[in-house]
Amino acid sequence: MAEQDPQGLAAARPLLTDLYQVTMALGYWRAGRAQDPAEFELFFRRCPFGGAFTLAAGLRDCVRFLRTFHLCDADVQFLASALPPDTDPAFFEHLQALDCSGVTVPLLQVSGPLLVVQLLETPLLCLVSYASLIATNAARLRLIAGPEKKLLEMGLRRAQGPDGGLTASTYSYLGGFDASSNVLAGQLRGVPVAGTLAHSFITSFSGTEVPADPMLAPAVGQGPRVNLVTCVEVWLKRVCAHLRLVVQEPHPGERAAFVAYALAFPRAFQGLLDSYSVRRSGLPNFLAVALALGELGYQAVGVRLDSGDLLQQAQELRGLFRTTAAQFKVPWLESVPIAVSNNIDEEELARLAQEGSEVNIIGIGTSVVTCPRQPSLGCVYKLVSVGGQPRMKLTEDPEKQTLPGSKAAFRLLGSDGSLLLDVLQLAEEPPPQAGQELRVWPRGAQESCTVRPARVQPLLRLCFQQGQLCEPLPSLAESRAFAQLSLSQLSPAHRRLEQPALYQVALSEKLQALVHRLSAATSL
């Protein structure tokens, strides 16, 4: 039950849907078609952000929703108030008896009783679309940053509500970020969490505060405890002399805040340097506290910049860390990590990730959780068969036509492991075989072509049937590793973020013939 499963608390509820799903359900029920076997497919028509790839995400949320799908008394009572008052009460009895034990989900084809799988449209779209958009956006940012920079998602306060914030934190991690500031994502989803302090903490100190206990024991051993405040004041004089600053220049409140934080986190001390002046206050105060901690065997874990020219400031800081490390013979200070944040988008990220940059950690909020380049993936959920008979939507817009029938999907690879194309075929067809020539119809092409794959990967896996998982789902960390491996298998031309080569998808000859036959029959 969701109440007993902390992750279940994050699942969608049955009424997270559009009203027309319920009105159609009533129509199916009145027509005696509620139990007709049907199959829908969830897909998108174009990769987001002008790219050539999309990370499909949200399967775990979909399965969690399906396993707990049940309309409670309050749900049914509300639907009764929303539908016409003369609606047959037997329909509501039918709704209250529904579950997803008859639903099968290979990602992401959904088959089962027509009424039930129709009701699943909106919640499944909601669960998959945003998750996939966020994961893809995060993957783009990871590709720009490269493998060495650490990326932190910090967008909870900018997200579209609590659910959006949790989804963004979860799937930005899947897409390649290293951690999130979102504590709930850590509790419910196992996302690594990270965070230190904000400017409010620093500016809350005036410098007149006296720590309740300024004494700190050495990091190792049984040596005597040392008054950290006194030690920091001694180091401040030495640091200011080295930096050619007057000892009164560094802000005393900022220093008091650093000392308070160091006393609370001596093994994880980080300085936020730009509350007042980086060069004249933040840096000397940080160095005084870091070097005082260093005498006791602790090492500061980093500094953060949140304003100004982040790249240039990081360069200057690294140079000062090196000269200070040499001056005071503390080699670890040379490599103190430098973190940056401040409305970082793709363009600024590329600048911070360029060769020679001294930035180590990059915090991104708004640009990852709101996806400003494209706020929606545009997933759709379309009927492809009823009662074993294929169904096809034609419409006046060729781009919105659907592919009929129950299908299988395969990825064809070359002898060097490169991806050749993906092929869609009818489920009844035998799967492609490695080493055998296959004739296919590339989407958008006027003629067929042949391909001889060295390896064939099936892309659809049955994950949910008769109300139960068919196999354990991978953990979020395992899904993250798989996503990064999959991205690495794309060619550089397909991973290119601007004007990428389009990845080829083709239809089997039999599926192409079915499309042609149904199109011709409908036009008569």
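First things first, this report covers the structure right here in the doc. If you're wondering where the values come from, they're calculated on a predicted model, not measured in any experiment. (Residues numbered from 1 in each chain as written. Predicted model: local features only at pLDDT ≥ 70, side-chain atom pairs only at ≥ 80, totals over all residues. Heavy atoms only, no water.)

1. Quick word on the overall build of the protein chain
So, step 1. What the protein chain contains, in helices and strands, is 18 helices and 21 strands.
So, step 2. When the backbone C-alpha atoms are referred to their principal axes, the protein chain occupies close to 90 × 55 × 40 Å.
So, step 3. Looking at the protein chain as a whole, 49% of its 524 residues qualify as buried.
So, step 4. Taking all contacts inside the protein chain whose residues are at least 6 apart in sequence as the whole, residues at least 24 apart take part in 71%.
So, step 5. Of the charged side chains in the protein chain, 45 are positive and 48 negative; the average position of the first set lies 5 Å away from that of the second. (Helix = DSSP H or I, 4+ residues; strand = E, 2+ residues; numbered from the N terminus. Buried < 20%, exposed > 50% of the residue type's maximum accessible area, 1.4 Å probe, protein only. Contact = heavy atoms within 4.5 Å. Lys, Arg positive; Asp, Glu negative; His and termini not counted. Charge placed at Lys NZ, Arg CZ, Asp CG, Glu CD.)

2. Quick word on the side chain of threonine 324
So, step 1. Turning to its location among the elements, threonine 324 is positioned in helix α13 (residues 310-328).
So, step 2. Filtering out sequence-adjacent residues up to four positions away, threonine 324 remains in contact with His242, Leu287, Leu291, Val330 and Leu333.

3. So, the layout of surface pockets
So, step 1. Of the voids in this model, the second largest pocket is the one considered here, and its volume is about 880 Å³.
So, step 2. For the lining of the second largest pocket, the secondary-structure elements that each account for two or more residues are β4 (150-153), β10 (338-340), β11 (361-364) and α15 (366-369).
So, step 3. The biggest single contributor to the lining of the second largest pocket is β11, with four residues.
So, step 4. In terms of residue class, the lining of the second largest pocket is made up of 13 nonpolar, 13 polar and six charged. (1 Å grid on protein atoms, 1.4 Å probe; cavity = no way out; pocket = protein on both sides within 12 Å on 5 of 7 lines; lining within 4 Å. Points joined across faces, edges and corners; volume = space filled by probe spheres on them. Nonpolar A, V, L, I, M, F, W, Y, C, P; charged D, E, K, R; others polar.)

4. Details of the nonpolar core
So, step 1. In terms of nonpolar packing, the biggest core is built from 136 residues, with Leu120, Phe269, Phe286 and Phe321 touching the most fellow members.
So, step 2. If one sorts the elements of this core by residue count, helix α6 (residues 121-145) sits on top with 13 residues.
So, step 3. Residues contacting phenylalanine 321, with those up to four places away along its chain left out, are Leu283, Phe286, Leu287, Val303, Leu333, Glu334, Val336 and Ile338. (Core = buried A, V, L, I, M, F, W, Y, C linked by side-chain atoms within 4.5 Å.)

5. Here we look at the packing of helix α10 (residues 228-243) against α13
So, step 1. One way to put it is that α10 packs onto α13 with a least axis distance of 11 Å and a crossing angle of 120 degrees. When the axis of α10 is compared with that of α13, the two are oblique. The chirality of how α10 crosses α13 is right-handed. On α13, the residues touching Trp235, Arg238, Val239, His242 and Leu243 of α10 are Leu320, Thr323, Thr324, Gln327 and Phe328.
So, step 2. For the contact of α10 with α13, the class distribution of residues is five nonpolar, four polar and one charged. (Axes fitted to C-alpha atoms, helices over the stretch in contact; angles between N-to-C directions. Parallel < 35°, antiparallel > 145°, perpendicular 65-115°, else oblique. Left-handed = near helix turned anticlockwise from the far one by under 90°.)

6. Digging into the pairing of strand β9 (residues 302-305)
So, step 1. Going residue by residue along β9, you find Gly302 and Arg304 tucked away on one face and Val303 and Leu305 tucked away on the opposite face as well.
So, step 2. Sheet topology places strand β8 (residues 270-272) next to β9; three bridges connect them, and they run parallel. What sits directly across from leucine 272, in β9, is arginine 304.
So, step 3. Remark: the β8/helix α12 (residues 278-295)/β9 crossover connection has right-handed handedness.
So, step 4. Here β9 runs beside β10; their pairing, made up of three bridges, is parallel. In the strand pairing of β10, arginine 304 is matched with alanine 339.
So, step 5. Handedness of the β9-α13-β10 crossover: right-handed. (Pairing = 2+ DSSP bridges. Right-handed = clockwise from strand over helix to strand, strands pointing away.)

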